[in-house]
Amino acid sequence: MSQQRSATVTALTIAGSDPSGGAGIQADMKAMSALGAYAMSVITALTAQSTRGVAGVHAVPVDFVRLQMDTLLEDIVPDATKIGMLATAELADAVGEYLPGLTHTVLDPVMVATSGDRLLDEQAVGAVRRLCTKADLITPNLYEAAVLLGEEPAATLGELRNQAQRLRDLGACRVLVKGGHLSGDAGDAVDVYADADGVEILCGRRVSTQNTHGTGCTLSSAIASLRPRRATWLEAVWDAKDYLTGAIAHAEALGVGHGRGPVHHFYRVWTRTGW
(Lines give C-alpha, C1' and ligand atoms only; values in the text may rest on other atoms or scores of the structure.)
Protein backbone atom coordinates (compact mmCIF):
# COMPACT_ATOMS: atom_id res chain seq x y z
CA MET A 1 0.00 0.00 0.00
CA SER A 2 1.21 3.48 -0.84
CA GLN A 3 1.97 5.64 2.19
CA GLN A 4 1.58 9.00 0.43
CA ARG A 5 -0.79 11.35 2.28
CA SER A 6 -2.38 14.65 1.37
CA ALA A 7 -3.64 17.56 3.43
CA THR A 8 -7.19 16.37 2.77
CA VAL A 9 -8.72 13.97 5.29
CA THR A 10 -9.73 10.83 3.39
CA ALA A 11 -12.37 8.45 4.74
CA LEU A 12 -13.31 5.03 3.37
CA THR A 13 -16.58 3.19 3.83
CA ILE A 14 -16.74 -0.57 3.30
CA ALA A 15 -20.43 -1.37 3.26
CA GLY A 16 -23.58 -2.21 1.30
CA SER A 17 -25.50 0.05 -1.04
CA ASP A 18 -28.93 1.59 -0.33
CA PRO A 19 -30.76 2.81 -3.46
CA SER A 20 -32.90 5.18 -1.36
CA GLY A 21 -29.77 7.02 -0.25
CA GLY A 22 -30.64 7.02 3.44
CA ALA A 23 -28.41 4.22 4.73
CA GLY A 24 -25.39 2.17 3.68
CA ILE A 25 -22.58 3.66 1.62
CA GLN A 26 -24.80 6.51 0.46
CA ALA A 27 -25.43 7.68 4.02
CA ASP A 28 -21.78 7.07 4.92
CA MET A 29 -20.48 9.22 2.08
CA LYS A 30 -23.00 11.99 2.82
CA ALA A 31 -21.98 12.11 6.49
CA MET A 32 -18.28 12.06 5.66
CA SER A 33 -18.69 14.81 3.07
CA ALA A 34 -20.86 16.94 5.36
CA LEU A 35 -18.09 16.77 7.98
CA GLY A 36 -15.33 17.79 5.61
CA ALA A 37 -13.75 14.47 4.68
CA TYR A 38 -13.13 13.15 1.17
CA ALA A 39 -15.32 10.03 1.01
CA MET A 40 -14.45 6.79 -0.79
CA SER A 41 -16.27 3.45 -0.90
CA VAL A 42 -15.83 -0.28 -1.35
CA ILE A 43 -19.18 -1.98 -1.95
CA THR A 44 -19.82 -5.31 -0.23
CA ALA A 45 -23.48 -5.83 -1.14
CA LEU A 46 -26.26 -4.49 -3.31
CA THR A 47 -29.65 -4.14 -1.68
CA ALA A 48 -33.15 -3.52 -2.97
CA GLN A 49 -34.60 -1.24 -0.30
CA SER A 50 -36.40 1.98 0.42
CA THR A 51 -37.58 3.85 3.48
CA ARG A 52 -40.23 1.12 3.79
CA GLY A 53 -37.83 -1.79 4.17
CA VAL A 54 -35.43 -4.22 2.50
CA ALA A 55 -36.71 -6.38 -0.36
CA GLY A 56 -33.47 -8.19 -1.21
CA VAL A 57 -29.70 -8.43 -0.73
CA HIS A 58 -27.07 -9.48 -3.26
CA ALA A 59 -23.60 -9.99 -1.81
CA VAL A 60 -20.65 -8.87 -3.93
CA PRO A 61 -18.25 -11.78 -4.62
CA VAL A 62 -15.34 -11.82 -2.16
CA ASP A 63 -12.73 -11.74 -4.92
CA PHE A 64 -14.20 -8.53 -6.31
CA VAL A 65 -14.30 -6.92 -2.87
CA ARG A 66 -10.61 -7.77 -2.55
CA LEU A 67 -9.97 -6.26 -5.99
CA GLN A 68 -11.74 -3.06 -4.95
CA MET A 69 -9.65 -2.87 -1.77
CA ASP A 70 -6.32 -3.69 -3.42
CA THR A 71 -6.83 -1.26 -6.30
CA LEU A 72 -7.81 1.58 -3.98
CA LEU A 73 -5.10 1.01 -1.38
CA GLU A 74 -2.36 0.92 -4.01
CA ASP A 75 -3.25 4.56 -4.70
CA ILE A 76 -4.90 6.04 -1.59
CA VAL A 77 -4.47 5.02 2.05
CA PRO A 78 -7.49 6.38 3.97
CA ASP A 79 -7.01 8.39 7.15
CA ALA A 80 -10.05 6.59 8.60
CA THR A 81 -12.21 3.62 7.64
CA LYS A 82 -15.78 2.68 8.52
CA ILE A 83 -16.94 -0.91 8.04
CA GLY A 84 -20.66 -1.57 7.76
CA MET A 85 -22.72 -4.36 6.21
CA LEU A 86 -20.81 -7.60 5.62
CA ALA A 87 -23.40 -10.06 4.38
CA THR A 88 -21.38 -13.28 4.68
CA ALA A 89 -18.72 -14.83 6.88
CA GLU A 90 -16.34 -14.92 3.91
CA LEU A 91 -16.73 -11.17 3.37
CA ALA A 92 -16.17 -10.41 7.06
CA ASP A 93 -13.02 -12.55 7.19
CA ALA A 94 -11.68 -11.01 3.97
CA VAL A 95 -12.18 -7.44 5.17
CA GLY A 96 -10.59 -8.36 8.50
CA GLU A 97 -7.33 -9.14 6.71
CA TYR A 98 -6.97 -5.46 5.76
CA LEU A 99 -7.61 -3.92 9.17
CA PRO A 100 -4.05 -4.23 10.56
CA GLY A 101 -2.85 -1.96 7.74
CA LEU A 102 -5.52 0.71 8.30
CA THR A 103 -5.84 3.45 10.92
CA HIS A 104 -8.85 4.86 12.78
CA THR A 105 -11.12 1.92 11.96
CA VAL A 106 -14.76 1.95 13.05
CA LEU A 107 -16.87 -1.21 12.79
CA ASP A 108 -20.65 -0.87 12.77
CA PRO A 109 -21.58 -4.57 13.19
CA VAL A 110 -24.78 -4.59 11.14
CA MET A 111 -26.46 -7.79 12.33
CA VAL A 112 -29.86 -6.87 13.77
CA ALA A 113 -32.52 -4.56 12.37
CA THR A 114 -34.16 -1.83 14.42
CA SER A 115 -37.13 -4.18 14.84
CA GLY A 116 -34.85 -6.70 16.55
CA ASP A 117 -34.88 -9.14 13.59
CA ARG A 118 -31.62 -11.02 12.92
CA LEU A 119 -30.01 -10.17 9.57
CA LEU A 120 -27.11 -12.66 9.61
CA ASP A 121 -26.83 -16.38 10.23
CA GLU A 122 -24.70 -17.69 13.10
CA GLN A 123 -21.67 -18.40 10.88
CA ALA A 124 -21.60 -14.79 9.69
CA VAL A 125 -22.16 -13.51 13.23
CA GLY A 126 -19.12 -15.50 14.36
CA ALA A 127 -17.01 -13.82 11.67
CA VAL A 128 -18.23 -10.39 12.77
CA ARG A 129 -17.29 -11.27 16.36
CA ARG A 130 -13.74 -11.98 15.16
CA LEU A 131 -13.71 -8.68 13.29
CA CYS A 132 -14.67 -6.83 16.49
CA THR A 133 -11.27 -7.67 17.98
CA LYS A 134 -9.44 -6.02 15.06
CA ALA A 135 -11.24 -2.67 14.78
CA ASP A 136 -10.27 0.40 16.80
CA LEU A 137 -13.91 1.06 17.75
CA ILE A 138 -17.13 -0.95 17.42
CA THR A 139 -20.58 0.67 17.47
CA PRO A 140 -23.24 -2.01 18.04
CA ASN A 141 -26.83 -1.07 18.81
CA LEU A 142 -28.73 -2.49 21.76
CA TYR A 143 -29.64 -5.72 19.95
CA GLU A 144 -26.29 -6.22 18.24
CA ALA A 145 -24.44 -5.97 21.55
CA ALA A 146 -26.69 -8.74 22.88
CA VAL A 147 -26.03 -10.97 19.85
CA LEU A 148 -22.28 -10.47 20.13
CA LEU A 149 -22.43 -11.54 23.77
CA GLY A 150 -25.03 -14.29 23.33
CA GLU A 151 -27.32 -12.55 25.83
CA GLU A 152 -30.71 -10.87 25.99
CA PRO A 153 -30.81 -7.16 25.06
CA ALA A 154 -30.13 -4.78 27.95
CA ALA A 155 -33.28 -3.46 29.60
CA THR A 156 -31.62 -0.89 31.87
CA LEU A 157 -28.72 1.54 31.66
CA GLY A 158 -26.84 -0.57 34.20
CA GLU A 159 -27.17 -3.66 32.02
CA LEU A 160 -26.08 -1.68 28.96
CA ARG A 161 -23.02 -0.46 30.83
CA ASN A 162 -22.13 -4.00 31.87
CA GLN A 163 -22.52 -5.30 28.32
CA ALA A 164 -20.22 -2.58 26.98
CA GLN A 165 -17.55 -3.65 29.46
CA ARG A 166 -18.02 -7.34 28.64
CA LEU A 167 -17.53 -6.58 24.95
CA ARG A 168 -14.21 -5.03 25.94
CA ASP A 169 -13.39 -8.15 27.91
CA LEU A 170 -14.00 -10.24 24.77
CA GLY A 171 -11.29 -8.32 22.94
CA ALA A 172 -12.87 -5.17 21.54
CA CYS A 173 -10.48 -2.23 21.92
CA ARG A 174 -13.18 0.45 22.26
CA VAL A 175 -16.95 0.07 22.39
CA LEU A 176 -19.83 2.47 21.80
CA VAL A 177 -23.13 0.75 22.54
CA LYS A 178 -26.01 2.76 21.11
CA GLY A 179 -28.90 2.79 23.54
CA GLY A 180 -31.30 4.72 21.32
CA HIS A 181 -34.11 2.25 21.98
CA LEU A 182 -33.51 2.14 25.74
CA SER A 183 -36.04 4.04 27.80
CA GLY A 184 -34.40 6.80 29.79
CA ASP A 185 -35.84 8.46 32.87
CA ALA A 186 -35.21 11.93 31.49
CA GLY A 187 -36.07 11.10 27.89
CA ASP A 188 -32.41 11.35 26.88
CA ALA A 189 -30.74 9.46 24.05
CA VAL A 190 -28.19 7.50 26.08
CA ASP A 191 -25.13 5.68 24.70
CA VAL A 192 -22.33 3.92 26.57
CA TYR A 193 -18.66 4.27 25.65
CA ALA A 194 -16.01 1.95 27.08
CA ASP A 195 -12.25 1.84 26.60
CA ALA A 196 -9.12 1.07 28.60
CA ASP A 197 -9.73 4.12 30.80
CA GLY A 198 -13.21 3.06 31.88
CA VAL A 199 -16.86 3.61 30.97
CA GLU A 200 -18.57 6.88 30.01
CA ILE A 201 -22.32 7.51 29.83
CA LEU A 202 -23.13 9.82 26.91
CA CYS A 203 -26.46 11.62 27.22
CA GLY A 204 -27.94 13.63 24.38
CA ARG A 205 -31.25 15.09 23.31
CA ARG A 206 -33.81 12.52 22.16
CA VAL A 207 -35.68 13.67 19.05
CA SER A 208 -39.25 12.42 18.62
CA THR A 209 -39.49 11.37 14.96
CA GLN A 210 -39.96 8.30 12.77
CA ASN A 211 -37.32 9.56 10.35
CA THR A 212 -34.40 7.48 11.60
CA HIS A 213 -33.39 5.55 8.48
CA GLY A 214 -29.60 5.20 8.45
CA THR A 215 -28.83 6.60 11.91
CA GLY A 216 -26.33 3.85 12.76
CA CYS A 217 -24.53 4.22 9.42
CA THR A 218 -24.42 7.98 9.84
CA LEU A 219 -23.04 7.91 13.39
CA SER A 220 -20.25 5.44 12.69
CA SER A 221 -19.23 7.30 9.52
CA ALA A 222 -19.26 10.62 11.36
CA ILE A 223 -16.98 9.21 14.07
CA ALA A 224 -14.55 7.85 11.47
CA SER A 225 -14.38 11.07 9.47
CA LEU A 226 -13.89 13.22 12.59
CA ARG A 227 -11.32 11.05 14.40
CA PRO A 228 -8.24 12.16 12.39
CA ARG A 229 -9.06 15.77 13.40
CA ARG A 230 -9.84 15.11 17.06
CA ALA A 231 -7.41 14.49 19.91
CA THR A 232 -9.21 11.41 21.26
CA TRP A 233 -11.78 8.83 20.26
CA LEU A 234 -14.17 10.09 22.93
CA GLU A 235 -14.04 13.63 21.54
CA ALA A 236 -14.81 12.30 18.06
CA VAL A 237 -17.71 10.26 19.44
CA TRP A 238 -19.21 13.27 21.25
CA ASP A 239 -18.97 15.49 18.17
CA ALA A 240 -20.44 12.79 15.93
CA LYS A 241 -23.31 12.26 18.36
CA ASP A 242 -24.02 16.01 18.31
CA TYR A 243 -23.98 16.01 14.48
CA LEU A 244 -26.38 13.04 14.33
CA THR A 245 -28.80 14.69 16.78
CA GLY A 246 -29.01 17.69 14.46
CA ALA A 247 -29.42 15.48 11.39
CA ILE A 248 -32.33 13.68 13.04
CA ALA A 249 -33.91 16.93 14.25
CA HIS A 250 -33.91 18.33 10.69
CA ALA A 251 -35.03 15.10 8.99
CA GLU A 252 -38.65 16.13 8.56
CA ALA A 253 -37.54 19.06 6.41
CA LEU A 254 -36.51 16.58 3.71
CA GLY A 255 -39.90 14.91 3.30
CA VAL A 256 -38.33 11.92 1.54
CA GLY A 257 -40.11 8.56 1.27
CA HIS A 258 -43.29 7.06 2.70
CA GLY A 259 -41.71 4.99 5.49
CA ARG A 260 -38.98 5.79 7.99
CA GLY A 261 -37.36 8.74 6.26
CA PRO A 262 -33.63 9.48 6.14
CA VAL A 263 -31.85 11.90 8.42
CA HIS A 264 -30.72 15.25 6.98
CA HIS A 265 -26.97 14.80 6.50
CA PHE A 266 -26.45 18.30 5.08
CA TYR A 267 -28.63 20.26 7.49
CA ARG A 268 -25.75 22.57 8.44
CA VAL A 269 -24.84 23.38 4.83
CA TRP A 270 -28.33 23.65 3.35
CA THR A 271 -29.53 25.87 6.20
CA ARG A 272 -26.55 28.17 5.93
CA THR A 273 -26.70 28.59 2.15
CA GLY A 274 -30.49 28.76 1.90
CA TRP A 275 -30.69 25.89 -0.59
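Residues numbered from 1 in each chain as written. Predicted model: local features only at pLDDT ≥ 70, side-chain atom pairs only at ≥ 80, totals over all residues. Heavy atoms only, no water.

S.K.: What am I meant to see in the nonpolar core here?
M.R.: Within the largest apolar cluster, 45 residues are counted, with the highest numbers of intra-cluster contacts made by Ile-83, Ile-138 and Leu-167. Per-element accounting of this core gives the leading share, six residues, to helix 4 (residues 122-132). With residues up to four places along the chain from it excluded, the contact list for Ile-138 reads Leu-107, Cys-132, Leu-167, Ala-172, Arg-174, Val-175 and Leu-176. One finds Leu-202, Ala-224, Trp-233 and Ala-240 within the second-largest nonpolar core, a separate group that totals 23 residues. (Core = buried A, V, L, I, M, F, W, Y, C linked by side-chain atoms within 4.5 Å. Buried < 20%, exposed > 50% of the residue type's maximum accessible area, 1.4 Å probe, protein only. Helix = DSSP H or I, 4+ residues; strand = E, 2+ residues; numbered from the N terminus. Contact = heavy atoms within 4.5 Å.)

S.K.: What is the right way to look at the pairing of strand 4 (residues 80-83) in this model?
M.R.: Here strand 4 shows two buried faces, one formed by Ala-80 and Lys-82 and the other by Thr-81 and Ile-83. When strand 1 (residues 10-17) meets strand 4, the two strands line up parallel, connected through four bridges. Along strand 4, the bridge assignment pairs Leu-12 with Thr-81. As paired elements, strand 4 and strand 5 (residues 105-107) share three bridges and run parallel to each other. Bridge pairing in strand 5 places Ile-83 opposite Leu-107. For the crossover from strand 4 across helix 3 (residues 89-96) to strand 5, the handedness is right-handed. (Pairing = 2+ DSSP bridges. Right-handed = clockwise from strand over helix to strand, strands pointing away.)

S.K.: Explanation requested: the state of the cysteines in the structure shown.
M.R.: Cysteine pairs can be linked by a disulfide, which is a covalent bond between their two sulfur atoms. This model, assessed by the stated rule, comprises zero disulfides. Among the cysteines around Cys-132, which has no disulfide bond, Cys-173 carries the closest sulfur, lying 12 Å off. (Disulfide = S-S within 2.5 Å.)

S.K.: How should I be thinking about helix 2 (residues 62-73) in this particular structure?
M.R.: Residues spaced three or four apart along an α-helix point in a common direction, a consequence of the helix completing one turn every 3.6 residues. The first and last C-alpha atoms of helix 2 sit 16 Å apart over twelve residues, in line with the 16 Å expected at 1.5 Å per residue. Taken residue by residue, helix 2 has Val-65, Gln-68, Met-69, Leu-72 and Leu-73 as its buried positions. Along the axis of helix 2, the buried residues cluster in a sector spanning 115°; they form a single face. For helix 2, the elements touching its buried residues are strand 1, strand 2 (38-50) and helix 3. (Expected span 1.5 Å × (residues − 1). Arc of directions from axis to C-beta.)

S.K.: Can you help me understand the packing of aromatic side chains in this one?
M.R.: Aromatic rings considered in pairs are described by the distance between their centres and by the relative angle of their planes. Scanning the entire structure with this criterion turns up two aromatic pairs. Measuring from centroid to centroid gives 6.3 Å for Phe-266 and Trp-270, while their planes differ by 15°, and the two rings are stacked. (Phe/Tyr/Trp six-rings, centres within 6.5 Å; stacked < 30°, edge-to-face > 60°.)

S.K.: Where do I start with helix 7 (residues 215-226) in this structure?
M.R.: Relative to the 16 Å expected for twelve residues at 1.5 Å per residue, helix 7 spans 16 Å between its end C-alpha atoms, a close match to the ideal helical length. With respect to burial, helix 7 is a largely interior element, eleven of its twelve residues being buried.

S.K.: Mind showing me how you'd approach the pattern of salt bridges here?
M.R.: Pairs can form between side chains of opposite charge whenever their charged atoms are close. Going through the model one piece at a time under the given rule, you end up with eight salt bridges. The closest approach of N and O atoms between Asp-28 and Lys-82, which form a salt bridge, is 3.0 Å. Of this pair, Asp-28 sits in helix 1 (residues 24-34) while Lys-82 sits in strand 4; the two residues are 54 residues apart in sequence, bridging distant segments of the chain. One salt bridge connects Arg-268 with Asp-242, and the closest N-O pair in it is separated by 3.6 Å. Of this pair, Arg-268 sits in helix 9 (residues 267-273) while Asp-242 sits in helix 8 (residues 233-249), placing them 26 residues apart in sequence. Residue classification places Asp-242 among the partly exposed positions, given a relative accessible area of 49%. (Salt bridge = Lys/Arg side-chain N within 4 Å of Asp/Glu carboxyl O.)

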